[in-house]
Amino acid sequence: MVVVLRLPHLEKYVDTANTLADNEIHMPIDIETFESSPEDRLQHNGETNADRVMQFLAANPDQAFTQSEIRDATGVKAGSISVVLSRLEDRELVRHKGNYWALGEADDVAAYTSMVESTRTANDRFGEEDMDEWLEHAVDDEDTE
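We now turn to the structure provided with this report.

Rules used in this analysis
Residues numbered from 1 in each chain as written. Predicted model: local features only at pLDDT ≥ 70, side-chain atom pairs only at ≥ 80, totals over all residues. Heavy atoms only, no water. Helix = DSSP H or I, 4+ residues; strand = E, 2+ residues; numbered from the N terminus. Buried < 20%, exposed > 50% of the residue type's maximum accessible area, 1.4 Å probe, protein only. Areas by Shrake-Rupley, 256 points an atom, 1.4 Å probe, with all protein chains shown as cover. Patch = residues over 30% accessible without salt bridge, like charges linked within 9 Å, V, L, I, M, F, W, Y side chains within 5 Å. Salt bridge = Lys/Arg side-chain N within 4 Å of Asp/Glu carboxyl O. Lys, Arg positive; Asp, Glu negative; His and termini not counted. Charge placed at Lys NZ, Arg CZ, Asp CG, Glu CD. Axes fitted to C-alpha atoms, helices over the stretch in contact; angles between N-to-C directions. Parallel < 35°, antiparallel > 145°, perpendicular 65-115°, else oblique. Left-handed = near helix turned anticlockwise from the far one by under 90°. Contact = heavy atoms within 4.5 Å. Polar contact = N/O pair within 3.5 Å; in protein donor to acceptor, adjacent residues only side chain to side chain. Nonpolar A, V, L, I, M, F, W, Y, C, P; charged D, E, K, R; others polar. Phe/Tyr/Trp six-rings, centres within 6.5 Å; stacked < 30°, edge-to-face > 60°. Pairing = 2+ DSSP bridges.

1. Describing the overall build of the chain
Then, in step 1: Within the chain, the secondary structure is distributed over six helices and two strands.
Then, in step 2: Across the 145 residues of the chain, 31% fall into the buried class.
Then, in step 3: A total of about 10200 Å² of accessible surface is found on the chain, and carbon and sulfur atoms cover 49% of it.

2. Side note on a negative patch on the surface
Then, in step 1: A surface patch of like charges, here negative, comprises Asp30, Glu32, Glu129, Asp130, Asp132, Glu133 and Glu136.
Then, in step 2: For the negative patch, the leading source of residues is helix H6 (residues 131–137), giving three residues.
Then, in step 3: Note on placement: Asp30 falls in the segment before helix H1 (31–36).

3. Re unusual backbone geometry
Then, in step 1: For Glu92, which is not glycine, the phi dihedral falls at a positive 60°.
Then, in step 2: Mapped onto the elements of the fold, Glu92 is located in the loop between helix H4 (78–90) and strand S1 (94–97).

4. Points about the packing of helix H3 (residues 67–74) against H4
Angle between the axes and distance between the axes: these two values describe a pair of packed helices.
Then, in step 1: Look at H3 against H4: their axes get within 10 Å of each other, and the N-to-C directions meet at 115°. It follows that H3 is roughly perpendicular to H4 by the angle criterion. Considering how the two elements wind past one another, H3 and H4 form a crossing that is right-handed. Contact with H3, carried on its side by Gln67, Ile70 and Arg71, involves Ala78, Ile81, Ser82 and Leu85 of H4 and no other residues of that element.

5. Topic: the side chain of Thr48
Then, in step 1: In this structure, Thr48 sits in the loop between H1 and helix H2 (49–59).
Then, in step 2: A polar atom in the side chain of Thr48 sits 3.0 Å from the backbone nitrogen of Asp51.

6. Observations concerning the environment of Ala102
Then, in step 1: Considering the arrangement of structural elements, one finds Ala102 in strand S2 (residues 100–103).
Then, in step 2: Judged by its relative accessible area of 11%, Ala102 is buried.
Then, in step 3: Spatially, the C-alpha atoms of Ala102 and Asp62 are 8.1 Å apart, while their sequence positions differ by 40 residues.
Then, in step 4: Once residues lying within four places of it in the same chain are set aside, the contact partners of Ala102 are Leu57, Gln63, Ala64, Val94 and Arg95.

7. Notes on the packing of H2 against H4
Then, in step 1: Where H2 meets H4, the closest approach of the two axes is 10 Å, and the angle between their N-to-C directions is 70°. The orientation of H2 with respect to H4, classified from their angle, is roughly perpendicular. Residues Asn49, Ala50, Val53 and Met54 of H2 touch H4, and the partners they reach there are Ser80, Ile81, Val84, Leu85 and Leu88.
Then, in step 2: For the contact of H2 with H4, the residue count by class is seven nonpolar, two polar and no charged.

8. Side note on the packing of aromatic side chains
Then, in step 1: Overall, the coordinates contain one aromatic pair when judged by the stated rule.
Then, in step 2: Here the aromatic rings of Phe56 and Phe65 are separated by 4.7 Å at their centres, their planes lie at 55°, and the arrangement is tilted.
Then, in step 3: Taking relative accessible area as the criterion, Phe56 reaches 8% and is therefore assigned buried.
Then, in step 4: Classification of Phe65 by relative accessible area gives buried; the value is 11%.

9. Here we look at the pairing of S1
A regular strand places its side chains on the two faces of the sheet in alternate fashion.
Then, in step 1: By the bridge criterion, four bridges tie S1 to S2 in an arrangement that is antiparallel. Across the sheet, residue Lys97 finds its bridge partner in S2, namely Tyr100.

Shown next as structure tokens:
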């Protein structure tokens, strides 16, 4: 079974050579976003390193790659690629054997794709959650005892 992983919010970053496009448009961000966002969210319009790795592997489901090949194709920094792949493996989204990495099993990848699309749709409809606002209204466990 072949699963096609479609992440529309990432498609503009994949070209026919399976590398990041050199002609990306970068927009300025406000300082609050700069200060509060993790580094991987500030690259390539909010996509994460994991998103880029999954998109690359999904575009090549019948092949396995070394870390350096994945790093070169996705633009993930050398110091980050090992951690990204390990976390994806922990979630069973990629498989690892020897020096090679490949897309995970179809059911696991399909569940991931569904979750990503559902989250994107909810964020588009209702806006992204503001963690500070959420925490402001959250119930403190100590108050309920």
